[in-house]
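Residue strings, one per chain:
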Amino acid sequence: MEIEVRPGLIGARVQRLEDPRLLTGHGTYVDDLQLPGTLHLAFRRSDHGHARIIAIDTEEAAAMPGVAAVVTAADIADGVKPYRATSRMPDYHPTTLPVLAADKVRYVGEPVVAVLAENRYLAEDAAEQVAIDYDPLPTVIDPEAAAQPGAPVLHEEIGSNVILSRSFSRGDVEAALAGAPVRVAGRFRMHRKTPAAMENRAYLADYDQGRRALTLYSSTQVPGIVRDSLAEILDIPGNRLRVIAPDVGGGFGGKTPLYGEEVLVCHLARKLGRPVKWCADRLEDLTTTSQAFDEIVEAELACDGDGTILGLRAEVIGDIGAYSIYPYTAALEPVQVISFLPGPYRVPSYHGAVKGVATSKALTGAYRGVGRPISTFAMERLVDMAARELSLDPLEMRRRNMVRAEEFPYKTPVGLVWDRAGFMECLDGAAAAADYDGLRAEQARARADGRWFGIGLASYAELTGLGSRISAAPGMPVNTGTETASIRIDATGAVTAAFGIASHGQGLETTLAQVVAEELGVRVEDVEVVHGDSDAVAHSTGTYASRSTILAGGAATLSARALRQQVVEAAAHLLEAAQADIEVADGAIRVAGTDRAMSFPELAKAVFVEMGRLPRELREQVDLQVTKTYDPYFGTTAPATHLAVVEIDPETYRVAIRRYVVAEDCGRIINPMIADGQVHGGVAQGIGAALYEEVVYDDEGQILTASLVDYLVPTAAEIPEMEVLHLEIETEANIGGFRGLGEGGTIGAPAALANAVTDALAPLGIDIDELPVTPDRLFRLIREANKDEN
Amino acid sequence: MSGGHVVRLRVNGVDHEAEVEPRLLLVDFLRVQLGLTGTHVGCEHGVCGACTVILNGDSVRSCLCLAVEADGGAVETVEGLGRVDDLDPLQEAFREHHALQCGFCTPGMLMTGIDLLRKQPLASDGEIRAGLSGNLCRCTGYQHIVRAIRASVEARDGD
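What you see is a predicted model, and the numbers here were worked out from it, not measured in a lab. (Residues numbered from 1 in each chain as written. Chains lettered and ligands numbered in written order. Predicted model: local features only at pLDDT ≥ 70, side-chain atom pairs only at ≥ 80, totals over all residues. Heavy atoms only, no water.)

A. Here's a closer look at the overall build of chain B. Of regular secondary structure, chain B possesses five helices and five strands. Across chain B, helices and strands are ordered from the amino to the carboxyl terminus as β-β-α-β-β-β-α-α-α-α. Radius of gyration (C-alpha) of chain B: 16 Å, near the 15 Å computed for a compact globule of 159 residues. With the C-alpha coordinates aligned to their principal axes, the bounding extent of chain B is approximately 50 × 30 × 30 Å. With 159 residues in all, chain B has 57% of them scored as buried. Long-range contacts, defined here as pairs at least 24 residues apart, represent 55% of the contacts in chain B between residues at least 6 apart. Approximately 6000 Å² of chain B is accessible, and the part contributed by carbon and sulfur atoms is 47%. When the 14 basic and 22 acidic side-chain charges of chain B are each reduced to a single mean position, those positions are 4 Å apart. (Helix = DSSP H or I, 4+ residues; strand = E, 2+ residues; numbered from the N terminus. Rg over C-alpha atoms; globule rule 2.2 N^0.38 Å. Buried < 20%, exposed > 50% of the residue type's maximum accessible area, 1.4 Å probe, protein only. Contact = heavy atoms within 4.5 Å. Areas by Shrake-Rupley, 256 points an atom, 1.4 Å probe, with all protein chains shown as cover. Lys, Arg positive; Asp, Glu negative; His and termini not counted. Charge placed at Lys NZ, Arg CZ, Asp CG, Glu CD.)

Below, the structure written as structure tokens:
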């Protein structure tokens, strides 16, 4: 038998279907929607880090021209149920999240008063005229001080700022440390970061009084979660509540929580019977969108004389900000730090403990990488420090400890399981691609010339595409482990595939169309992907946590295969052939080896319109629509090694990145062009975390980085060319053989750069244990080192 | 919004006249008054470049420019480039090289790119990167944007 080899659509460099509209200005972001009669919302926000509200005077604001309403917490109590992020996790204390602050404010930027006016200019004019009388309270800024007994408490009902505690243990780490020939320890600090998506958060609520139905257009990553939450908070059933995420201008985790502004626009639209819109400005984004990566890790690593890791011990403090974020809880990031700290290595004994501490700052939540940028930074620094103690090359140190191919599935010290993935292949791949030995020789020459030239490695593994067995956040009462695809061929023969995901830059309109097209036998451009709409499927969440390709790709595969079977059944009858002889490819249905064929429109007409062409029992069986849900149950391991080469300018202390190499295993690639883009973008954000980006609060809780002049998002001039090596190691952990790759770039880059800068400054004996390593920090470190020497 | 100041602007070759408040930003005039929502607002303080348009032949931040300042001028926005079924060569290069992900910064990147391609030699990638350094992109890591502009420079110079 001759086998026809057709180039597969999965793996093809298909041009993105979403691009033409986005390139011509015809994308539709929330602020582009202009509904007649819309009222515009502006907020008067707290300018105190911690204060009691004594009185609010809205009289003058309410009398301003164009003002429709001025709203305080007391005005919304009747229509908005209080909500808080609950969890089954022990030692966790939820905090009630006020939509508008009632008695107290707990961070600068917290919404207190909302003003509705005919346009945004007038709303802001009036918001300025609101007078709020505060009684300032002591702020809690330093998370370690905040955790101490006697510190001022933000949430009196909890009685402490320690909102959560958790620990993991395996083996006798104390004994391992006590007997170890080599012990290295450090205190690693990563400073707070903000996602800074280019589109600020924006919400528009439209209430249909006739149907008593509410539609929220939201720049959210999770329309399904927002719909389900609002249904409870506002007491509206899901069939009269629709959340649409139209084109969304990036998220990176910052658009995964439910925000009070979303609740408020819905409540006010329903109450006033007019559309209500709020679009954050950049000040509001930098002060109120969820922040992240704010942890202190004190850790110690013990090794044998040949470098074999014996044990790891860590105490972590996470600065969670003023409230526990909804619905993920404040545990999301800090717990992830101790879950992933052992990295891709064999760690026989481990103890990791974490405390999440409330402070007078913006809330923290999910941000690309969630916890693993910090855990990888700490562990990869310790691995390099141990290598130095042992006079081992960092590459060799990693080779000796990394989980080997024959050891999968490998259970980590916290009980996570690494399935077969290219750990060592990535390490060796990055070293080979970068010509590691050649780089060391180049470094030797540079050092001889007195130049600060460094090479840094970072290896990690993450768990992507989590199924229902593993919660995205510990104990959270939201299922993030399943995904549904509903695919139909309509009466015109057109294919529509609806999903619960919400693409906001990932190109899922294209990659999911590739999967559907391949499995169904149509052309990519024939598939219309519907996403970002809570009405698309019955239950959904959205796009986050490197899940969409694995989960939605799996659901697409299951649904499209079942739909293809329907097509084959109907076509076999209509073309009078055996099912085994029916071929479906490129949108055409043929009988193999004959010239008998039909198109999808012809098939659809025969099924839906031309009664009598199919027998009755087949008509009831073949309705050309299939809905299937996919649950990968566990997760899929995705490892990588990053290699950075840096040179530090001895006058400006600028860290220039000379080379940047990523070798990563993302399983079967659907679209190599999109895979490259995901890695590039992730690395750029990791470079930001390593060298530039830092949210700074002063002792009073005032945020000093509230503009893009002060909060430094890297530009094209700072980000280098990156070399990306994709290793497509097979996996059976999910149906498509995919591995998630949305977050990895951000996980590896801070550690690789911290190691590279440390390596560059090895002649001065400087260890980088605080990120970002800005010119200012480098200046201080180098001055201190020179002082010690003199 | 009204306020007695008449503004006359040619936008993408079409003449417009409107009465505006003196404080109205050019970007709000384009987006709200004219419905040209392809130009985006990312920071309102002139850093991110999402709102970049070409005014009288030079790229400007339409969030830092008042509509009344542009009076009598000619504005080019992303809507004046190609159409979905007939992309302009730079738009085509962005698509070919995957130079956009979420698309929010893209109109500003395109208008900056058009301005650079008209005026600068862009002999090296370093020059392209310096030229783009007033426009933030959070998705792409810039590499594919640089590649798209490089391809456009080569097409321009007949390489």
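B. Representation of the environment of Ser124(B) in the model. Within the secondary structure layout, Ser124(B) lies in the loop between helix 3 (106-119) and helix 4 (125-132). For Ser124(B) and Arg150(B), which are 26 residues apart along the polypeptide, the C-alpha to C-alpha distance reads 8.4 Å.

C. Quick peek at the sheet that holds strand 27 (residues 625-630) of chain A. All names here are of chain A. In space, the four strands of this open sheet follow the order 23-22-21-27, with mixed pairing throughout. Looking at the sheet topology across the chains shown, the edges are occupied by strand 23 (527-530) and strand 27. Direction aside, the axes of adjacent strands within the sheet are offset by 15° on average. Pairing of strand 22 (residues 495-499) with strand 23 involves four bridges; the strand directions are parallel. Each residue of the ladder has a partner; that of Ala-497, found in strand 23, is Val-529. Strands in contact with helix 15 (residues 508-520) are strand 21 (483-489), strand 22 and strand 23; relative to strand 23, the strand with the most contacts, it is inclined by about 130°. In the packing of helix 16 (residues 548-574) onto the sheet, the strands contacted are strand 21, strand 22 and strand 27, and the crossing angle to strand 27 comes to about 145°. (Pairing = 2+ DSSP bridges. Axes fitted to C-alpha atoms, helices over the stretch in contact; angles between N-to-C directions.)

D. View of the packing of helix 11 (residues 372-389) of chain A against helix 20 (residues 744-760) of chain A. Residues and elements named next belong to chain A. Running from N to C, helix 11 and helix 20 point in directions that differ by 35°, and their axes come no closer than 8 Å. As for the relative orientation of helix 11 and helix 20, their crossing is right-handed in sense. Where helix 11 abuts helix 20, its residues Arg-372, Pro-373, Thr-376, Phe-377, Glu-380, Arg-381, Asp-384 and Arg-388 lie against Thr-746, Ile-747, Pro-750, Ala-751, Ala-754, Asn-755 and Thr-758. Looking at side-chain class alone, the contact of helix 11 with helix 20 contains six nonpolar, four polar and five charged residues. (Left-handed = near helix turned anticlockwise from the far one by under 90°. Nonpolar A, V, L, I, M, F, W, Y, C, P; charged D, E, K, R; others polar.)

E. Main features of the packing of aromatic side chains. Summed over all chains, the structure comprises 13 aromatic pairs over all chains. With centroids separated by 5.1 Å and ring planes inclined at 90°, the aromatic side chains of Tyr29(A) and Phe104(B) adopt a geometry described as edge-to-face. On the criterion of chain membership, the pair formed by Tyr29(A) in the loop between helix 1 (19-23) and strand 1 (39-45) and Phe104(B) in the loop between helix 2 (89-96) and helix 3 is interchain, its members lying in two chains. For the ring pair Tyr107(A) and Tyr323(A), a centre distance of 6.4 Å and an interplane angle of 80° mean the geometry is edge-to-face. Of this pair, Tyr107(A) sits in the loop between strand 6 (104-105) and strand 7 (111-117) while Tyr323(A) is found in the loop between strand 16 (309-321) and helix 10 (332-340), placing the two residues 216 residues apart along the sequence. A relative accessible area of 2% places Tyr323(A) in the buried class. Among the aromatic residues, those joined into a ring-pair cluster are Phe340(A), Phe408(A), Trp418(A) and Phe423(A). Here Arg372(A) stacks its cationic end above the ring of Phe340(A), 5.4 Å away from the centre of that ring. (Phe/Tyr/Trp six-rings, centres within 6.5 Å; stacked < 30°, edge-to-face > 60°. Lys NZ or Arg CZ within 6 Å of the ring centre and 35° of its normal.)

F. Representation of the interface of chain A and chain B. With 59 residues of chain A at the contact, the number on the chain B side is 49 residues. Carbon and sulfur atoms make up 55% of the surface buried where chain A meets chain B, a total of about 4500 Å² over both sides. Considering only the surface of chain A that becomes buried against chain B, Leu23(A), Tyr121(A) and Met198(A) emerge as the three largest contributors, covering 19% of it. One can count six salt bridges joining chain A with chain B. Summed over the shared surface of chain A and chain B, the result is 30 residue pairs in polar contact (both at pLDDT 80 or more). Residue assignment for the side of chain A that touches chain B shows that the elements contributing at least two residues are helix 1, helix 4 (120-128) and helix 19 (672-692) of chain A. The leading source of residues in the side of chain A that touches chain B is helix 19 of chain A, at nine residues. Classifying every residue of the side of chain A that touches chain B gives 27 nonpolar, 18 polar and 14 charged. (Buried area = accessible area lost by both parts, 1.4 Å probe. Salt bridge = Lys/Arg side-chain N within 4 Å of Asp/Glu carboxyl O. Polar contact = N/O pair within 3.5 Å; in protein donor to acceptor, adjacent residues only side chain to side chain.)

G. Geometry of the nonpolar core. The biggest cluster of nonpolar side chains holds 230 residues, and the ones touching the most others in it are Leu41(A), Leu230(A), Leu301(A), Tyr660(A), Leu778(A) and Phe94(B). Beyond its immediate sequence surroundings of up to four residues, Leu778(A) is in contact with Ile648(A), Tyr653(A), Val655(A), Val757(A), Leu761(A), Ile768(A) and Val773(A). Among the nonpolar cores identified, the runner-up in size contains 53 residues, and Ile550(A), Val568(A), Ala604(A) and Leu624(A) belong to it. (Core = buried A, V, L, I, M, F, W, Y, C linked by side-chain atoms within 4.5 Å.)

H. Structural detail: the domain arrangement of chain A. Residues and elements named next belong to chain A. In terms of domain boundaries, chain A breaks down into domain 1 (19-24 + 482-630), domain 2 (33-137 + 201-279) and domain 3 (295-469 + 633-789). When each unit is reduced to the centre of its C-alpha atoms, the spacing between domain 1 and domain 3 is 40 Å. Contact with domain 1, which involves 19 residues of that partner, is made by 18 residues of domain 3. Here domain 1 and domain 3 share an interface that buries about 1400 Å² over both sides, 66% of which is from carbon and sulfur atoms. Broken down residue by residue, the surface that domain 1 buries against domain 3 is led by Ser-546, Thr-549 and Ile-550, which jointly contribute 37%. (Domains from an automatic or database assignment.)

I. Main features of the pairing of strand 30 (residues 723-726) of chain A. Residue and element names in this part refer to chain A. Sheet analysis places strand 29 (residues 655-664) next to strand 30, joined by four bridges and oriented parallel. Its bridge partner lying in strand 30, Val-662 is registered against Val-724. After leaving strand 29, the chain enters helix 19 and then returns to the sheet as strand 30, a path that is right-handed. (Right-handed = clockwise from strand over helix to strand, strands pointing away.)

J. Layout of the sheet that holds strand 26 (residues 597-599) of chain A. Residues and elements named next belong to chain A. Strand order across the open sheet formed by three strands is 24-25-26, with antiparallel pairing between neighbours. Edge positions in the sheet fall to strand 24 (582-585) and strand 26, since each of these pairs with one other strand and no more. Strand-to-strand twist in this sheet, taken as the mean axis angle between neighbours without regard to direction, amounts to 20°. Relative to strand 26, helix 17 (residues 600-608) is tilted by about 85°, and along the sheet it contacts strand 24, strand 25 (588-591) and strand 26.

K. Looking closely at the pairing of strand 1 of chain A. Residue and element names in this part refer to chain A. Counting buried residues along strand 1, six of its seven residues qualify, which places the element largely inside the surrounding structure. In this sheet, strand 14 (residues 276-279) lies alongside strand 1 in parallel orientation, the contact comprising two bridges. Looking at the pairing, Leu-39 lines up with Val-276 of strand 14. Note: strand 1 against strand 7, six bridges, orientation antiparallel.

L. Region of the structure containing the domain arrangement of chain B. Residues and elements named next belong to chain B. According to the domain assignment, chain B contains domain 1 (5-80) and domain 2 (89-157). Once you take the C-alpha centre of each, domain 1 and domain 2 turn out to be 22 Å apart. Among the salt bridges present, the one from Lys-119 reaches Asp-58, with a minimum N-O distance of 2.4 Å. For the interface between domain 1 and domain 2, the tally reads eight residue pairs in polar contact (both at pLDDT 80 or more). Contributions of two or more residues to the side of domain 1 that touches domain 2 are made by strand 3 (52-55) and strand 4 (58-61). Looking at the side of domain 1 that touches domain 2, its residues break down into seven nonpolar, eight polar and three charged.

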